[in-house]
Structure formats: structure tokens, C-alpha cells
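# Architecture and fold: a report
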Amino acid sequence: MTALVTLGEAMAVLAADRPGPLASGTSLRLGFAGAEATVAIGVSRLGHPASWTGRVGADSAGTMILDGLRGEAVDVTRARVDDTAPTGLMLRERRTPDHTRVTYYRRGLAGSRLTPADVDPELVARARVLHVTGITPALGDGPRAAVRRAVDLARAAGVTVSLDLNYRARLWTREEAAAELADLVTRADVVFAGPDEASLAVPEAEPATMARTLLDLGPREAVLKLGARGAVAVTRGAEAVQDVVPVTLVDPIGAGDAFVAGYLAGLLDGTPLPGRLLLAATCGAFAVAASGDWEGLPRRAELGLLQGADVTR
């Protein structure tokens, strides 16, 4: 059985390795990124089998992404190589030491061509958790239908559905996002959001109240990610608050997805709510203490390395 199944977009990344404007001669680091792929890697590193479904181009970037996921023990046997469109690209510029500027090249490219036919019903039905985000349905009609198909299959099979709202203003308007994501919230079991994202589905309030209001829409767990203020999680029988795990910040990119990976790994472990939040915060801290979206994600044996973060299975 695959513990976690996820689907979405993965892109090649060219990231500046030092602050300043992009110019001729700027040194760039090649890698790959994708919210769902990062969660799959994070869960895999913590010892749970994970599978990623998506499309990449028949190019070197696509090969790099699939090889990289395989190297992290993520199953990519359901991923497709699309020979009619190239792999998407993200260009990341560190304009100043504390401000990152990102440019995406994704529309019409391989990642945005995901369709319901790419979703394997048997794979989803055998999973313990299906994880989806609000990024994928924003990419177009095909990806939106693929997410709906995966969620329908998971619900029919009794598989836990995890949803990270992950609103991206560059991809769709708040009105478009609110209509789609509010519907997905009603069909999810575990929902992750920042306060602004949660306000797409429920009225603005203090975080714990927003989380409890999300539960009224159908989920059994709601987790509000609060950045430097930590996180709060609410279930139908419990509530927990978690501060951030102190660490020296190197790169804030990927913290939210690392947090989700840790929380879902804790859920798969059978860890009670406070322990799930601590594991999530620990993974987020590891992520921001290293460059890259997923490269700093911890393995199980490393969880005690951060002071005050002695998390065991």
C-alpha cells in the first residue's frame, strides 16, 4: 500500500545563489520544485511510501525531475512524459537578501496538461492519504478535473483527503479560487491554510476560530499555518497550538509544504494532534535552514538535531 498519493505540477528551477539583480554572468543553481512533489519527498524521507503523479516534458528538465523524485524513493510510475510540451520553469531571483522575486514559465507547458485520465483509480484506492493543493486546479480545466477525479475516487474508497489551499493570485482571481476551493474543502478530511487563504472559504477571525469554522464545512481536521507565529490545529475533539522551532533562516521557500509533509507523516504514524504539529513545525524549520524547496527536509533519524525538537516515531 502507498501511504501517500499526490498529483500536481513540478518544474525546473533556476535560482540565483546570491543577492542582486539577474544579469549576464549571474550564477544560477539548477533544481526542481513543486508543492505536491515537496510533500511527497518529505513524507518519503520520514519513512512512508509516497507516489507523485504529474506530467513533465520529454527534455532534460523532465528527466532531472523524475530522476530526482526516484532518488528520494518517491514512486513516479504514474507520471507521464509529454512529448508535445516542454517542462515548466521557475526563475528565482534574490533581489535583496530578504526579498525573493519569482518568475514562472508554465502556461501551456507539460505540468498544466494534467487530465483525469492521468489519475490511476487503483493507486488512489490503495492509498492511506490523497494530498492535493489549490495550485493544481488553478492551472486549467484539465488539472482541475484531475483533482476532482482524484478526490472523488479517494472519497469512494474511504481514503483520507488532504487539501492545502495554497492560493496563488498569479494563477486565478480570489473569486475563482473561492468557488473551487470552498467546494474542495467540503470534500476534504484535513485542510491546511494560511489565514488569508482560509478567508476564501470562511469569514476572517482569529486563527482558532477560522479553523473551527472550517470544520463546520465538513473536514475533520483544520490546520492554520501562521508563519513566524507558529500554527494552530483543530479537530472535532481536540485543539493544539505550536510555536515555530527556532532555527537560523537561510531560505524561506518551501516552509509551508515541509510543514504539511511533517503533519501528514505524523498522521500516518498515528501520532496525537500535538505531536503532529510539532513534527510539522520541525520539518518547516529544517526546510528554511537550507537552500531550496525540499533539499533541507529531514530524515527520521535527524529529527532530534534541532534543540527542543526531539520527535521520535
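Reading guide: rules and limits
- Residues numbered from 1 in each chain as written.
- Predicted model: local features only at pLDDT ≥ 70, side-chain atom pairs only at ≥ 80, totals over all residues.
- Heavy atoms only, no water.
- Helix = DSSP H or I, 4+ residues; strand = E, 2+ residues; numbered from the N terminus.
- Expected span 1.5 Å × (residues − 1).
- Buried < 20%, exposed > 50% of the residue type's maximum accessible area, 1.4 Å probe, protein only.
- pLDDT = per-residue confidence, 0-100.
- Contact = heavy atoms within 4.5 Å.
- Pairing = 2+ DSSP bridges.
- Axes fitted to C-alpha atoms, helices over the stretch in contact; angles between N-to-C directions.
- Core = buried A, V, L, I, M, F, W, Y, C linked by side-chain atoms within 4.5 Å.
- Phe/Tyr/Trp six-rings, centres within 6.5 Å; stacked < 30°, edge-to-face > 60°.
- Lys NZ or Arg CZ within 6 Å of the ring centre and 35° of its normal.
- Right-handed = clockwise from strand over helix to strand, strands pointing away.

## Quick look at helix H9 (residues 273–288)
- Along its 16 residues, H9 runs 23 Å from first to last C-alpha, staying within 8% of the 22 Å computed at 1.5 Å per residue.
- Most of H9 sits out of view: 13 of its 16 residues are buried.

## Here we look at the confidence of the model for the chain
- Residues of the chain with pLDDT of at least 70 account for 98%, and the chain-wide mean is 94.
- Long-range and interchain partners of residues 309–313, a stretch whose pLDDT sits below 50, account for 15 contacts in this model, where long-range means more than four residues apart.

## Description of the sheet that holds strand S3 (residues 28–33)
- Taken in spatial order, the 4 strands line up as S3-S2-S8-S9 in an open sheet, and their pairing is mixed. Where the open sheet ends on each side, the last strands, each with one partner, are S3 and strand S9 (99–105). The average undirected angle you get between the axes of adjacent strands in this sheet is 25 degrees.
- As defined by bridge partners, strand S2 (residues 11–16) adjoins strand S8 (residues 89–96) across 4 bridges and the pair is classed as parallel. If you follow Ala-12 over to S8, its bridge partner there is Leu-89.
- This element, helix H2 (residues 60–71), spans S2 and S3 of the sheet and lies at about 65 degrees to S3.

## Quick notes on the environment of Asp-67
- Among the structural elements, Asp-67 can be located in helix H2.
- Between the alpha carbons of Asp-67 and Ala-138 there is a distance of 26 Å; along the sequence they are 71 residues apart.

## What to know about the nonpolar core
- Core analysis: the biggest nonpolar cluster contains 47 residues, and Leu-7, Leu-130 and Leu-214 have the highest contact counts within it.
- The residues contacting Leu-130, other than those within four sequence positions of it, are Val-5, Leu-7, Ala-150, Val-151, Ala-154, Val-159, Thr-160, Val-161 and Ser-162.
- Counting 46 residues, the second largest nonpolar core, distinct from the first, contains Val-43, Ala-79, Leu-267 and Ala-287.

## Comments concerning the packing of aromatic side chains
- Throughout the structure, instances matching the rule amount to 2 aromatic pairs.
- Measuring from centroid to centroid gives 5.0 Å for Phe-32 and Trp-294, while their planes differ by 40 degrees, and the two rings are tilted. With a gap of 262 residues between them, Phe-32 in strand S3 and Trp-294 in the segment after H9 connect regions that are remote in the sequence. Across the pair, exposure class does not vary: Phe-32 and Trp-294 are buried alike.
- Aromatic pair Phe-192 and Tyr-263: ring centres 5.3 Å apart, planes at 85 degrees, arrangement edge-to-face. One end of the pair, Phe-192, is in strand S12 (residues 190–193); the other, Tyr-263, is in helix H8 (residues 255–269), with 71 residues separating them in the sequence. Accessibility assignment for this pair places Phe-192 and Tyr-263 in one class, buried.
- The ring of Tyr-104 carries the charged tip of Arg-106 above its face, separated from the ring centre by 4.4 Å.

## Overview of the side chain of Glu-72
- Along the chain, Glu-72 falls in the loop between H2 and strand S6 (74–75).
- Sequence-distant contacts of Glu-72, that is, excluding residues within four places in its chain, are made with Ile-41, Ser-44, Arg-45, Trp-294 and Arg-299.

## Description of the sheet that holds strand S15 (residues 239–242)
- Strands sit in the order S6-S4-S1-S10-S11-S12-S13-S14-S15 across an open sheet of 9 strands; the sheet is mixed. The strands lining the two open edges of the sheet, one partner per strand, are S6 and S15.
- In the sheet, strand S13 (residues 221–225) pairs with strand S14 (residues 231–235) via 5 bridges, with the strands oriented antiparallel. For Lys-225, the partnering residue across the bridge sits in S14 and is Ala-231.
- Where helix H1 (residues 35–45) meets the sheet, it contacts strand S1 (4–7), strand S4 (50–53), S6 and strand S10 (129–133), and its direction lies at approximately 165 degrees from that of S1.
- Sitting on the sheet, helix H4 (residues 141–157) is in contact with S1, S10 and strand S11 (160–164), with an inclination near 155 degrees to S10.

## A few points about the pairing of S12
- The alternating pattern of S12 places Val-190 and Phe-192 on one face and Val-191 and Ala-193 on the opposite face, and all of these are buried.
- For the handedness criterion, the β-α-β arrangement of S11, helix H5 (residues 174–186) and S12 is classed as right-handed.
- Where S12 meets S13, 4 bridges bridge the pair, whose relative direction is parallel. Counterpart to Val-191 in the pairing with S13 is Ala-222.

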